[in-house]
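# Breakdown of the fold
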Amino acid sequence: MKEPFISLETLEDICQDYPTPFHLYDEKGIREKARALNKAFSWNPGFKEYFAVKATPTPAILKILQEENCGVDCATEVELMMSKELGFKDIMFSSNNTPAHEYQYAKSIGATINLDAYEQITFLEEVIDLPDRLSLRYNPGGVFALGTEIMDHPQDSKFGMTKAQLYRGLSELKEKGVSSLGIHSFLASNTVTNDYYPELAKELFQLAVDIKNDLGISLDFINLSGGIGVNYRPEEVANDIAIIGQGVKKVYDAILAENGLDHIALYTELGRFMLAPHGHLITKVLHRKETYKKYVGVDASAVNLLRPAMYGSYHHITNLSNPEGSIEVVDVVGSLCENNDKFAKDRSLPQARPNDLLVIHDTGAHGFSMGYQYNGRLRSAEILLQENGQARLIRRAEVAEDYFATIRGYDF
Ligand SMILES: *Cc1c(COP(=O)(O)O)cnc(C)c1O
């Protein structure tokens, strides 16, 4: 079973102060997750998690992660600006198809640039002096398979460079005096298995040994990036980061340490794994409707959580107000004029009555951040359930004037 991190009583109190819908985050869970990750990799002295800002670009959340010794991974100038303003020192810039001014800004704030394309080396030299430290993003092509269940197709991915380009790039950068070099690779998304990182690490560690032997270049860091997933479905088993850390250590010892490369620091750029389970989208039932199916209409919509509409993703739903209600099969829908605006289809749920509070689970990453304003439905508030049990508003809900702000002053 999936249990909400909030009780009905506490949630009703919060709803006295803040109208639904809103995203709610669990500070305690976030801190525990960050500590578990850092502990799992504490055997690697240079280890650093660069939290993927795009998953949850919310300053109060980023600040918690900073206090837990995490850095940030950014993909755009705006994400870099937010990270700079929050005082982050450890910043990775894993962008792609990047405009010149974003490289210039990244360099000016001391971010480590992770180059997505071999062709960008020349471009980078044109727009900035090469920094002392650079990372190159590797795409091995082909199909990446883990057992039978999990598979991804790096050959179809726009990210990264081929092995030949990686070799050429590293040699050229070394020749041009870049003293600290690293590699990065992201081969599969939302993996619910403890084997993904160890398998990826094995490939990258062997590559690091080959790079040492073939090019005489000793890498300083290897970035395992994101991709560790979460158990969105109640029947799935959550990944165990302690087991994952030990799995990576095993291949680190066998491959890197064996070849005299045990100075290499490991980095991660986890987003989903760090935050998804520690966020709920809280929404209230507005109406019921029955035609060829039964519908439960709620006050959130796909603008607050796009994943079900965009990817058909499963998000578990708990009716906190009526957990013992008789089970019925319903579609849970928002109010957009789009038929894909459904949080659940044909879902068995305890009867949902108008004004019942529903918890939509695992929305702490790629939830609020993928929001938009279609139909003039606005972005919701974000609220932090602090460790002391108090709720704190960390982002206000948008109001109509926010929506109109970019068109005020223009001639209609
Ligand atoms: C999206 C992204 C991540 C985070 O991925 P998760 O699946 O949320 O862990 C990390 N690194 C890069 C470069 C990304 O684009």
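The structure displayed is predicted, hence computed values, not measured ones. (Residues numbered from 1 in each chain as written. Predicted model: local features only at pLDDT ≥ 70, side-chain atom pairs only at ≥ 80, totals over all residues. Heavy atoms only, no water.)

## A few points about the UniProt feature "active site" (unreviewed entry) in the protein
The positions UniProt marks with the feature "active site" (unreviewed entry) are C337. Tracing the backbone through its elements, the reader meets C337 in the loop between β15 (327–333) and β16 (342–350). (UniProt positions renumbered as here; feature names shortened; annotations may be inferred. Helix = DSSP H or I, 4+ residues; strand = E, 2+ residues; numbered from the N terminus.)

## A look at unusual backbone geometry
Omega for the bond connecting T20 with P21 falls within 30 degrees of zero, at -5 degrees, which places this linkage in the cis form. Inspection of the secondary structure assignment puts P21 in the loop between α1 (8–17) and β1 (22–26). Located in the positive-phi region is S225, a residue other than glycine, with phi close to 60 degrees. Tracing the sequence through the fold places S225 in the loop between β10 (221–223) and α9 (241–256). S225 gets classed as buried once you look at its relative accessible area, which sits at 1%. A positive phi is found at D346, a non-glycine position, where the angle reads about 50 degrees. For D346, the location among the structural elements is in strand β16. (Buried < 20%, exposed > 50% of the residue type's maximum accessible area, 1.4 Å probe, protein only.)

## Looking at the site of the ligand
As a matter of local geometry, the ligand sits amid 15 residues, with K54, E269, G271, R272 and H366 nearest to it. Between the ligand and K54, the relevant distance is 2.7 Å, taken from an oxygen atom to a side-chain nitrogen or oxygen of the residue. Note that a nitrogen atom of the ligand is positioned 3.4 Å from one of the side-chain N or O atoms of D73. Across the shell around the ligand, the residue classes tally to three nonpolar, seven polar and five charged. (Near = heavy atom within 4 Å. Polar contact = N/O pair within 3.5 Å; in protein donor to acceptor, adjacent residues only side chain to side chain. Nonpolar A, V, L, I, M, F, W, Y, C, P; charged D, E, K, R; others polar.)

## As for the sheet that holds strand β6 (residues 133–137)
Spatially, the eight strands close up into a barrel ordered β2-β3-β4-β5-β6-β9-β10-β11, and their pairing is parallel. Averaged over all neighbouring strand pairs, the angle between strand axes comes to 25 degrees, with direction disregarded. (Pairing = 2+ DSSP bridges. Axes fitted to C-alpha atoms, helices over the stretch in contact; angles between N-to-C directions.)

## Describing the environment of N44
If you trace the backbone, N44 turns up in the loop between α2 (27–40) and β2 (48–52). Sequence-distant contacts of N44, defined by excluding residues within four places in its chain, comprise Y252, I264, A265 and L266. (Contact = heavy atoms within 4.5 Å.)

## Topic: a negative patch on the surface
On the surface, E9, E12, D13 and D17 cluster together into a patch of negative charge. Here D17 lies in helix α1. (Patch = residues over 30% accessible without salt bridge, like charges linked within 9 Å, V, L, I, M, F, W, Y side chains within 5 Å. Areas by Shrake-Rupley, 256 points an atom, 1.4 Å probe, with all protein chains shown as cover. Salt bridge = Lys/Arg side-chain N within 4 Å of Asp/Glu carboxyl O. Lys, Arg positive; Asp, Glu negative; His and termini not counted. Charge placed at Lys NZ, Arg CZ, Asp CG, Glu CD.)

## Some remarks on helix α5 (residues 100–108)
Along α5, the positions that sit buried rather than exposed are E102, Y103, Y105 and A106. Burial along α5 is one-sided: seen end-on, the buried residues are contained in an arc of 165 degrees. Buried-residue contacts for α5 involve α4 (77–85), β4 (91–93), β5 (112–115) and α6 (120–127). G110 occupies a position one or two residues after α5 and carries a positive phi of about 75 degrees. (Arc of directions from axis to C-beta.)

## Section: helix α7 (residues 163–175)
Its 13 residues give α7 an end-to-end C-alpha distance of 18 Å, which sits within 8% of 18 Å, the value for a rise of 1.5 Å per residue. Along α7, the residues classified as buried are Q165, L166, Y167, G169, L170 and L173. On its buried side, α7 packs onto α6, β6, β9 (180–184) and α8 (196–215). After α7 finishes, the residue G177 shows a positive phi value of roughly 95 degrees. (Expected span 1.5 Å × (residues − 1).)

## So, the pattern of salt bridges
The tally for this structure, following the rule as stated, stands at 21 salt bridges. R31 is the salt-bridge partner of E27, the closest N and O atoms lying 3.0 Å from each other. Pair noted here: E27 and R31 are both in helix α2, with a separation of four residues, about one helical turn. The pair formed by E27 and R31 is uniform in burial state, with each residue classed as buried. Salt-bridge contacts for R31 lead to E387; the nearest nitrogen and oxygen are separated by 3.6 Å. In this pair, R31 sits in helix α2 while E387 sits in the loop between β18 (381–385) and β19 (391–395), placing the two residues 356 residues apart along the sequence.

## A closer look at the nonpolar core
Membership of the largest hydrophobic core comes to 89 residues, with the highest contact counts inside it found for F41, Y197, F205, L219 and I222. Looking at this core, the element that brings in the most residues is α8, giving 10 residues. Residues from two domains meet in this core; each of domain 1 (8–23 + 277–404) and domain 2 (95–269) gives at least three. Counting residues in hydrophobic clusters, the runner-up holds 15 residues, among them V296, I317, V330 and L358. (Core = buried A, V, L, I, M, F, W, Y, C linked by side-chain atoms within 4.5 Å. Domains from an automatic or database assignment.)

## Things to note about the packing of aromatic side chains
The geometry of an aromatic ring pair is captured by the separation of the ring centres together with the interplanar angle, meaning the angle of the planes. By the definition in use, this model includes 12 aromatic pairs. Geometrically, the ring pair formed by F93 and Y103 is edge-to-face, given 6.3 Å between the ring centres and 90 degrees between the ring planes. A residue pair is termed long-range when its members are at least 10 positions apart, and F93 in strand β4 and Y103 in helix α5 qualify at 10 residues. When its relative accessible area of 0% is taken as the criterion, F93 is described as buried. Through pairs of rings, three or more aromatic residues link up here, namely F41, W43, F47, F144, Y196, Y197, F205 and Y252. The ring of F273 is capped by K33, whose NZ or CZ atom sits 4.6 Å from the centre of that ring. Note that R168 overlies the ring of Y118, its terminal NZ or CZ placed 5.0 Å from the centroid. (Phe/Tyr/Trp six-rings, centres within 6.5 Å; stacked < 30°, edge-to-face > 60°. Lys NZ or Arg CZ within 6 Å of the ring centre and 35° of its normal.)

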